[in-house]
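Chains, contacts and geometry: an overview
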Amino acid sequence: MQRRRRGVDVGLILLLSQVFQVGLENIPPVTLGTLALNVFLFLKPLKPLLKVCINVDQGYHQKDWQRLLLAPVHHADDWHLYFNMVSLLWKGIKLERKLGSVLFGYIIAVFSVLIGIVYMVLEFALAELLNDPSYKMNCAVGFSGVLFALKVLNNHYHPGGTSNIMGIPVSSRYACWLELVAIHLCSPGTSFAGHLAGILVGLMYTLGPLKMLMKATAGGFSYFNYSARQRDYYSGFSAGSHSNERRPYGFWFPPEQLSEEEVRRQRLNRFDRW
């Protein structure tokens with residue numbers, strides 16, 4: 001697998017244009033940091049793509065576990081990066097504001113690794129069921145698996161919407177499944193198993209035990225409870241004269257009315273939470 005370069009990285013230029021159009025001040029910190037990491041590693045990759053892509057042979061049989069960390073944040077070319085990062089912008093802004101930066105960052109970290117594991121399980125199963133060892137050699141890179149998982153979460157936390165898939169209006173609940181098939185048909189070189197792994201991990205979080213396991217692994221429920229309070233602040237804060245005030249990321253007001261002195265004190269100490 002070699003990176004496909006076309007001289008001028010038009011996709012990267014368009015991505016930067018999109019970011020500045022949205023405005024850096026409007027992008028939550030984890031979303032912005034994740035985007036910046038992907039762009040940086042596109043410009044300065046840690047290793048060649050063949051050394052970072054994830055597959056059964058390298059990841060499992062040869063125990064090259066670092067690929068689980070490296071594969072999601074490396075991309076094949078500028079357009080691969082562009083489409084993934086524009087999708088991250090939209091999903092990240094909505095979800096990070098909904099869940100809070102701490103929880104959203106935790107989700108990104110866990111999903112990035114877990115999707116690689118599920119991907120290897122799927123490819124291994126296909127190789128065994130079809131008696132075709134080539135599936136164990138299929139090597140994948142890119143953030144799209146994580147984006148499919150985030151799409152499942154976004155549809156879970158923002159239900160009732162519709163998506164337009166190839167001109168067809170589809171309920172958001174089923175949009176990720178139609179996108180899975182449509183992308184594979186329109187772009188055969190994409191990783192069907194990688195995208196499916198993302199959907200499955202997203203469902204494991206929203207419908208399965210993953211959310212509880214992540215809470216337990218985090219050493220308790222403090223981060224999750226804090227994120228829930230932060231979410232309530234983002235979605236419904238309207239306390240007195242501060243109802244129209246800009247809402248800084250990672251900062252939560254209790255639901256009760258605050259005095260001016262208390263508001264000033266919490267502003268000064270807000271970064272102590274991190």
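To start, this report covers the structure provided alongside it. (Residues numbered from 1 in each chain as written. Predicted model: local features only at pLDDT ≥ 70, side-chain atom pairs only at ≥ 80, totals over all residues. Heavy atoms only, no water.)

Our next topic: the pattern of salt bridges. Counted according to the given criterion, the structure contains three salt bridges. Here arginine 67 makes a salt bridge to aspartate 64, at a shortest N to O gap of 2.7 Å. Both residues of the pair, arginine 67 and aspartate 64, count as buried. With its nearest N and O atoms 3.2 Å apart, the salt bridge here joins lysine 136 to glutamate 128. (Salt bridge = Lys/Arg side-chain N within 4 Å of Asp/Glu carboxyl O. Buried < 20%, exposed > 50% of the residue type's maximum accessible area, 1.4 Å probe, protein only.)

With that settled, the discussion passes to the nonpolar core. Formed by 43 residues in total, the largest nonpolar core has its most connected members in Ile107, Phe111, Leu150 and Tyr205. The set of elements that each furnish at least two residues to this core consists of α1 (10-22), α2 (29-43), α6 (78-99), α7 (101-129), α8 (144-157), α10 (192-206) and α11 (210-217). It is α7 that contributes the most residues to this core, 10 residues altogether. In contact with leucine 150, not counting residues within four places along its chain, are Leu88, Lys91, Leu95, Phe104, Ile107 and Ile108. (Core = buried A, V, L, I, M, F, W, Y, C linked by side-chain atoms within 4.5 Å. Helix = DSSP H or I, 4+ residues; strand = E, 2+ residues; numbered from the N terminus. Contact = heavy atoms within 4.5 Å.)

Three or more residues of α11 are buried, namely Leu210, Met214 and Lys215. All buried residues of α11 fall inside an arc of 140 degrees around its axis, so they share one side. When the buried face of α11 is taken as reference, the exposed residues oriented beyond 90 degrees from it are Leu213 and Ala216. (Arc of directions from axis to C-beta.)

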